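# Close look at the chain arrangement
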Amino acid sequence: MPSRRFDQARPFLTLGILVAGWLIMPGAVKSFLRASFFELTAPVTLAASKVRDLQDFWALRSHSKTELIEAGRDQARINASYEVAVQQTTELKAEIARLETLLRLPSRDQYRLEHARVARRDFSAWWQRIVIRKGRDHGIPVGAPAVFSGGVVGRVAEVHAMTAVVELITSPGVRLAGVVEGDSRPISFQGGSNPAFAPPTGIVELMPLDIIASPTSPKRLVTSGYGGVFPPGLTLGTIVRAELGSDGLHKSGEVRLDERLGSLTEITVLVPLEVDAAAPVRSSP
Amino acid sequence: MNLRRLALLCAPLLLLWGIQTEVNHVLSSHQLFFFSGGLFVAFIALTQPFGAGLAAMLIAGLACDANAPVAFGTHAALFGLAHNIVHRMRDRIPKDDAVAGTLLALFTNFGLFLAFVAILSPGGAAPLPRLAADLVCSQVLVALAAPWFAALQSCCITLVETALALRAERLR
């Protein structure tokens, strides 16, 4: 009878021994295994992403010439307005450089823009991440900020050979400092709950009492530039509700984030130039 | 343990992982999440020898762990535990019945999902309506995919068993 009982418990004993062995395994071995398993599955992610691109390509090929001509015309208009903006930016940059030289100020953080396709989106209740199709080969460092046309996407959490993982600002674990546009006092922003079939939201805390925000008069929340990761002035979202916090000294509220964060296909990683100078980078296609 | 058997057990699991990530990519615009842990575990635990089954579970679990921001080994340990539980009671479950297999995959998926909820949001940090929506979505998709995945795995197993039988015959 004891032998039969032991036979019944043997699978669990085997698993228990394996788990115990795993727990005492050195962290370096686990890190190596984690990286190996990620790289093992990376080709699946990349192949699926390329197939999706091919699908989009064939779908676009089916458009009529009239539609393409119309799209080209619209694109030309957008390009014209961007060209004006580029000229203005160049002038402003030259002005900033001149003032920095005159006042002997340290130069602002400078970044190289690395555009990357999104290979995979992975949004659960516990994490919100995307995998992009550029990694260490393109000089992307851990912690680099990622942006898109609507503002901040998040920051690079992991970098692998040909891919990188970006943790989105919608992720409940993300915290960063923001300011209300036109104000200089920092506010704590945190990724919030992301209910199904609804736009993502975040929460703000430690907001000064004089800031009033409501759905009818929302306030734009931008990055503060404190902390050294995100440059100042990038859009985080819109504060749509502000209520007195439990401590009575600050307000807390809700931030509505850009809906497009849920369907990103391309983002831009801001690679700090100091990092770039330290490591050789493969040229972007 | 035969390495060829292990490789052919892991191949459909890798395919399943790929499909799961693609489905999650599509569902992300609706803020939904598909968890298919039950499919990883159910059919292998029901039909395969203990050693090969557990090894395949641990490999699949580690592949899932490498792609999720959880402690490395969490999926592997939970898949291993679920595999052992199903393996322990598999004599009471009909192996060739598609309905029984699907129900087993659903129950296993439900159990694993609850285990992840307990591990990843111990203080109730994740909102319950979102978790409920994810669970319903996962269960529906698991129910739809289970018969196909069982057939795929059974084809792979037949393939490996035929290859092993031919090899044994040649050696004789």
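Note that the coordinates shown come from a computational prediction; the quantities given were computed from them, not determined experimentally. (Residues numbered from 1 in each chain as written. Chains lettered and ligands numbered in written order. Predicted model: local features only at pLDDT ≥ 70, side-chain atom pairs only at ≥ 80, totals over all residues. Heavy atoms only, no water.)

## Regarding the overall build of chain B
Note the cut-off: Helix and strand definitions follow DSSP, with helices as H or I runs of at least four residues and strands as E runs of at least two, each counted in order from the N terminus. The reference for a compact globule is 2.2 Å times residues^0.38; the radius of gyration itself is calculated from the C-alpha atoms. Burial classes: relative accessible area under 20% of the type maximum marks a residue as buried, over 50% as exposed, and values in between as partly exposed (1.4 Å probe, protein chains only). Any pair of residues with heavy atoms lying within 4.5 Å of one another is described as a contacting pair. Only the protein chains shown count as covering a residue, and every accessible area follows the Shrake-Rupley method with a 1.4 Å probe. Only four residue types enter the charge count, namely Lys and Arg as positive and Asp and Glu as negative; His and the chain termini do not. All charge positions are set by atom: Lys at NZ, Arg at CZ, Asp at CG, Glu at CD.
Counting its secondary structure elements, chain B contains six helices and zero strands. In chain B, the succession of α and β elements from N to C terminus is α-α-α-α-α-α. Against the compact-globule benchmark of 16 Å for 172 residues, chain B has a radius of gyration of 17 Å, which places it among compact chains. When the backbone C-alpha atoms are referred to their principal axes, chain B occupies close to 60 × 30 × 30 Å. In chain B, which comprises 172 residues, the proportion classed as buried is 53%. Relative to all contacts within chain B whose residues are 6 or more apart in sequence, the contacts with residues 24 or more apart total 77%. For chain B, the exposed surface amounts to about 7,500 Å²; the carbon and sulfur share of it is 71%. Of note, chain B has its 10 positive side-chain charges centred 9 Å away from the centre of its 8 negative side-chain charges.

## Some details on the pairing of strand 6 (residues 175–180) of chain A
All names here are of chain A. Our working rule: In this analysis, strands are considered paired if DSSP registers two or more bridges between them.
For strand 6 and strand 7 (residues 187–191), the ladder comprises four bridges, and the chain directions are antiparallel. Looking across to strand 7, one finds that Leu-176 is bridged to Phe-189. Here strand 6 hands over to strand 7 after six residues, with Gly-182 in that stretch at a positive phi of 90 degrees. Inspection of the sheet shows strand 6 paired to strand 9 (residues 219–223) by three bridges, in the antiparallel sense. Pairing of Val-179 across the sheet is with Val-222, part of strand 9.

## Here we look at the sheet that holds strand 9 of chain A
All names here are of chain A. We apply this condition: Lines are fitted to the C-alpha atoms to define the axes, a helix being fitted only along its stretch in contact, and any angle between axes, read from their N-to-C directions, falls within 0 to 180 degrees.
The strand order 6-7-8-11-10-9 describes a closed barrel built from six strands, whose pairing is antiparallel. Along the sheet, successive strands turn relative to each other by an average axial angle of 40 degrees, direction set aside. Sheet analysis places strand 8 (residues 201–207) next to strand 11 (residues 251–256), joined by five bridges and oriented antiparallel. For Met-207, the partnering residue across the bridge sits in strand 11 and is Lys-251.

## Notes on the confidence of the model for chain A
Applicable threshold: Per-residue confidence from the predictor is reported as pLDDT, which spans 0 to 100.
Of the residues in chain A, 93% have a pLDDT of 70 or more, and the chain-wide mean is 88. Element-level mean pLDDT values for chain A span from 67 in helix 4 (residues 273–278) of chain A up to 96 in strand 5 (residues 164–168) of chain A.

## Let's talk about helix 4 (residues 74–88) of chain B
All names here are of chain B. What counts is decided by this rule: Every helix has an expected span of 1.5 Å times one less than the residues it contains.
For helix 4, which comprises 15 residues, the first-to-last C-alpha distance of 21 Å matches the rise-based estimate of 21 Å (1.5 Å per residue) to within 8%. With 11 of 15 residues buried, helix 4 lies mostly within the body of the structure. Among all positions of helix 4, only Thr-74, His-75, Ala-76, Leu-78, Phe-79, Gly-80, Ala-82, His-83, Asn-84, Val-86 and His-87 are buried.

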